[in-house]
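Report on the structure
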Amino acid sequence: MPRKEILDQIQKYIHPFRISSGKGFQLKDFDPGDTRGLNMEKGEAADLLQRGTRWLAEEQDMLYAQDRWSLLLVFQAMDAAGKDSTIKHVMTGVNPQGCQVFSFKPPSQEDLAHDFMWRYVSRLPERGRIGIFNRSYYEEVLVVRVHEEILKQQRLPPPFVSSRIWDERLADIAHFEDYLTRQGTVILKFFLHVSREEQKKRFMKRLDNPGKNWKFSASDVRERKYWLDFMDSYEGAIAATASEHAPWYVVPADNRWFTRLVVAAAIVEAVEKLDLAYPKVSPEQKKELAAARAELAREA
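Residues numbered from 1 in each chain as written. Predicted model: local features only at pLDDT ≥ 70, side-chain atom pairs only at ≥ 80, totals over all residues. Heavy atoms only, no water.

**Remarks on the overall build of the chain**
What counts is decided by this rule: Each helix corresponds to a stretch of at least 4 residues labelled H or I by DSSP, and each strand to a stretch of at least 2 residues labelled E; elements are numbered beginning at the N terminus. Working rule for contacts: check all heavy atoms of both residues, and any pair within 4.5 Å makes them a contact. To measure how exposed things are, a 1.4 Å probe is used in the Shrake-Rupley method; for residues, cover is taken only from the protein chains shown. Positive charges come from Lys and Arg, negative ones from Asp and Glu, while His and the chain ends are left out of the count. A charge is said to be at NZ when it belongs to Lys, at CZ for Arg, at CG for Asp and at CD for Glu.
The number of helices and strands found in the chain is 13 helices and six strands. Along the first, second and third principal axes, the C-alpha atoms of the chain reach 75 × 50 × 40 Å. Of the contacts made within the chain by residues no fewer than 6 positions apart, 82% connect residues no fewer than 24 positions apart. Accessible surface, the chain: about 16700 Å² in total, of which carbon and sulfur atoms supply 52%. Computing the positive centroid from 45 side-chain charges and the negative centroid from 44, the chain places the two 2 Å apart.

Now the structure itself:
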């Protein structure tokens, strides 16, 4: 099937979840169990995902060779929504030399001694590479907003800690993303939207399976008490920072196979629009190649 035809087909599975303007955005309008009527066997979904990852691997090779653009993939979600597994399955086959994954944990004392964006800026992808943020600078307007005691640890001067701080930070993030896109960084942001009921099921499976116990933390259950606060924070963050140049994708996450397909399709579509190609060899370079060939041919 020609690529254009494939792209035309996948649009109906990704565009309903693409938010490029926050006007009128409400999280309640998105169903975590939505699959757009697509019914697939597990093997069929895996085969389709594999085709998407092969395509992505081809595009990533040209991205690396061309060395002009970079791609930043931001993943945000509640616990057990499937960030780790989605990244693993979607990025399988991509050359590790051209891909960087960073998982941001609670800030260190050094991090807290700097501005809130400091530790994220130093991890941005270089030209020609794909950078993946497993959690990101959005934590500064999500978990920090829900748990304001964390804000106190950042030791900001009192005049700058006001009721406007969250709007100010969201504006800073939006301006930052605008700046990055003008430097050649393509930004895609994914909120893996899992339901509270599905999260509970996944937590119970982790508890029931000794091999998965290590993935569970008592804090996971405590955070469920703040579910509505987190949803309000996510809604506000997406509404304030969604744009054409840095869109959000509110990806249904109750069905893992569909989550992975949507994420893979969104990345493929975005990279395909860059019209990537391998660098052309100049006449001077062709002469150098011919000379190198001749020199090698003369070797005994």
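Next comes the rest of the description.
**Quick look at the side chain of histidine 193**
To keep it simple, the criterion reads: In this scheme, a residue with accessible area under 20% of its type's maximum is buried, one over 50% is exposed, and one in between is partly exposed, where area comes from a 1.4 Å probe on protein chains only. Polar contacts here mean pairs of N or O atoms no more than 3.5 Å apart (in protein, one a potential hydrogen donor and the other a potential acceptor; neighbouring residues in sequence count only if both atoms are side-chain atoms).
Checked against the element boundaries, histidine 193 lands in strand S5 (residues 185-193). Residue histidine 193 is classed as buried on the basis of its relative accessible area of 7%. Side-chain polar atoms of histidine 193 contact the backbone oxygen of phenylalanine 30, separated by 3.3 Å.

**Structural notes on the nonpolar core**
Spelled out, the test is: Residues enter a nonpolar core if they are buried and are Ala, Val, Leu, Ile, Met, Phe, Trp, Tyr or Cys, with the set joined through side-chain atoms within 4.5 Å.
Formed by 79 residues in total, the largest nonpolar core has its most connected members in Leu73, Met91, Tyr137, Tyr138, Phe190 and Ile267. Apart from the residues lying within four places of it in its own chain, the contact partners of isoleucine 267 are Leu56, Leu71, Leu73, Val90, Leu188 and Phe190.

**Thoughts on the environment of leucine 48**
Within the secondary structure, leucine 48 sits in helix H2 (residues 42-66). What makes leucine 48 partly exposed here is its relative accessible area of 31%. Separated by 213 residues in the primary sequence, leucine 48 and leucine 261 place their C-alpha atoms 7.7 Å from one another. Leaving out residues up to four positions away in the same chain, leucine 48 has contacts with Met40 and Leu261.

**Observations regarding the sheet that holds S5**
Selection criterion: Strands are treated as partners if at least two bridges between them are detected by DSSP. Angles here are taken between N-to-C directions and fall from 0 to 180 degrees, while the axes themselves are lines fitted to C-alpha atoms, restricted in helices to the stretch in contact.
Reading across the sheet, the six strands line up as S1-S6-S5-S2-S4-S3 and stay open at both edges, with mixed pairing between neighbours. What marks the edges here is a single partner per strand, and that holds for strand S1 (18-19) and strand S3 (99-103). Sheet topology note: the S3/strand S4 (residues 130-134) ladder contains five bridges and is parallel. The residue bridging serine 103 from the neighbouring strand is asparagine 134, located in S4. Lying over the sheet, helix H3 (residues 83-90) contacts strand S2 (70-77), S4 and S5, oriented at roughly 150° with respect to S2. Sitting on the sheet, helix H12 (residues 256-272) is in contact with S2, S5 and strand S6 (248-252), with an inclination near 165° to S5.

**Some words on the pattern of salt bridges**
Note the cut-off: In the sections that follow, a salt bridge refers to a side-chain nitrogen of Lys or Arg positioned within 4 Å of a carboxyl oxygen of Asp or Glu.
Applying the stated criterion across every chain yields a total of 12 salt bridges. For arginine 36, the salt bridge goes to aspartate 34, with nearest N and O atoms at 3.6 Å. For arginine 129, the salt bridge identified is with glutamate 126, shortest N-O distance 3.3 Å.

**Here we look at the packing of aromatic side chains**
Here is the rule we go by: For Phe, Tyr and Trp, rings pair up if their centres lie within 6.5 Å, where Trp contributes its six-membered ring, and each pair is then called stacked (planes under 30 degrees apart), edge-to-face (over 60) or tilted (otherwise).
The tally for this structure, following the rule as stated, stands at 13 aromatic pairs. Between phenylalanine 75 and phenylalanine 190, the aromatic rings sit 5.1 Å apart at their centres with planes inclined by 25°, giving stacked as the arrangement. You can see phenylalanine 75 sitting in strand S2 and its partner phenylalanine 190 sitting in strand S5, a full 115 residues away along the chain. Both residues of the pair, phenylalanine 75 and phenylalanine 190, belong to the buried class.

**Some remarks on helix H9 (residues 196-208)**
Formally: Expected span of a helix, by definition, is 1.5 Å for each gap between consecutive residues, and there is one gap fewer than residues. It is the directions from the helix axis to the C-beta atoms whose arc is reported.
Over its 13 residues, H9 extends 18 Å from the first C-alpha to the last, a length consistent with the 18 Å expected when each residue adds 1.5 Å. Three or more residues of H9 are buried, namely Glu198, Gln199, Arg202, Phe203 and Arg206. One side of H9 carries all its buried residues, which in axial view fall inside an arc of 140°. Facing away from the buried side of H9 by more than 90 degrees, the exposed set consists of Glu197, Lys201, Lys205 and Asp208. Check the buried side of H9 and you find it contacts helix H10 (218-224), helix H11 (227-241) and H12.

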